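Okay, here's what each chain looks like letter by letter:
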Amino acid sequence: MKTAVFAGSFDPFTFAHKDIVERGLALFDKVIVAIGVNSAKKGLMSYDQRTDGIVDLFINNERVEVTQFTGLTIDFCRKVGAQYLLRGLRNTNDFEFENAIAQNNLILAPEIETYFLMARSGLGHISSTIVRDILQNAGDVSALVPPEIITHVKL
């Protein structure tokens, strides 16, 4: 079975993230949405809120698993038996950053391959950082975040 890990903070999970997961399912048998836990980082949503929202979003898709993890993403991949990392790219800045990580991951774990998917047209402008700012200022994010996620946002 070809399993990919799509790791991130997902604070919050956006329509752009959803698109990467859905497109990843055309390439892989299973996609594990892995929420990286960093106890030193204060986010908008708790880790449980993030997990619950993403579970609700993919409740009818048995090929998507949602979980939390700590430590190196490649160690998590090994733990769950994933051979692939799935990453989304919005622009050249994302590529430069993600490429450096992918190259180092190949040194640490040559058995785990990183796949990059470019953001679909109309979604490349969405970032969780911008969404958090809009939410914290009582703005409408319904065009940026799935309703299943919004119901779990508690400001």
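Summary of the structure given here. (Residues numbered from 1 in each chain as written. Predicted model: local features only at pLDDT ≥ 70, side-chain atom pairs only at ≥ 80, totals over all residues. Heavy atoms only, no water.)

1. Quick notes on the pattern of salt bridges
Pairs may arise between side chains of opposite charge once their charged atoms sit close together.
Move 1: If you walk through the whole model with that rule in mind, you get nine salt bridges.
Move 2: A salt bridge links R50 to D11, with the shortest nitrogen-to-oxygen separation between them at 3.5 Å. You can see R50 sitting in helix α2 (residues 47–57) and its partner D11 sitting in the loop between β1 (3–8) and α1 (15–24), a full 39 residues away along the chain. Considered together, R50 and D11 belong to a single accessibility category, that of buried residues.
Move 3: Via salt bridges that share partners, D19, R23 and R120 belong to a single interconnected network. (Salt bridge = Lys/Arg side-chain N within 4 Å of Asp/Glu carboxyl O. Helix = DSSP H or I, 4+ residues; strand = E, 2+ residues; numbered from the N terminus. Buried < 20%, exposed > 50% of the residue type's maximum accessible area, 1.4 Å probe, protein only.)

2. Focus: the side chain of T51
Move 1: Residue position: T51 is located in helix α2.
Move 2: In this structure, T51 is in contact with I35, V66 and Q68, ignoring residues within four places of it in sequence. (Contact = heavy atoms within 4.5 Å.)

3. Observations regarding the environment of I112
Move 1: With respect to the secondary-structure elements, I112 resides in the loop between α4 (92–108) and β5 (113–118).
Move 2: Its relative accessible area of 4% is what places I112 among the buried residues.
Move 3: Remark: the alpha-carbon pair of I112 and M45, spanning 67 residues in sequence, is separated by 30 Å.

4. Details of unusual backbone geometry
For residues other than glycine, phi is negative in most cases, and the peptide bonds are mostly trans.
Move 1: The omega angle of the peptide bond from D11 to P12 is 0°, so this bond is cis rather than trans.
Move 2: Tracing the backbone through its elements, the reader meets P12 in the loop between β1 and α1.
Move 3: A positive phi angle, close to 50°, is found at F10, a residue other than glycine.
Move 4: In this fold, F10 is placed in the loop between β1 and α1.
Move 5: Phi is positive for A138, close to 60°, though the residue is something other than glycine.

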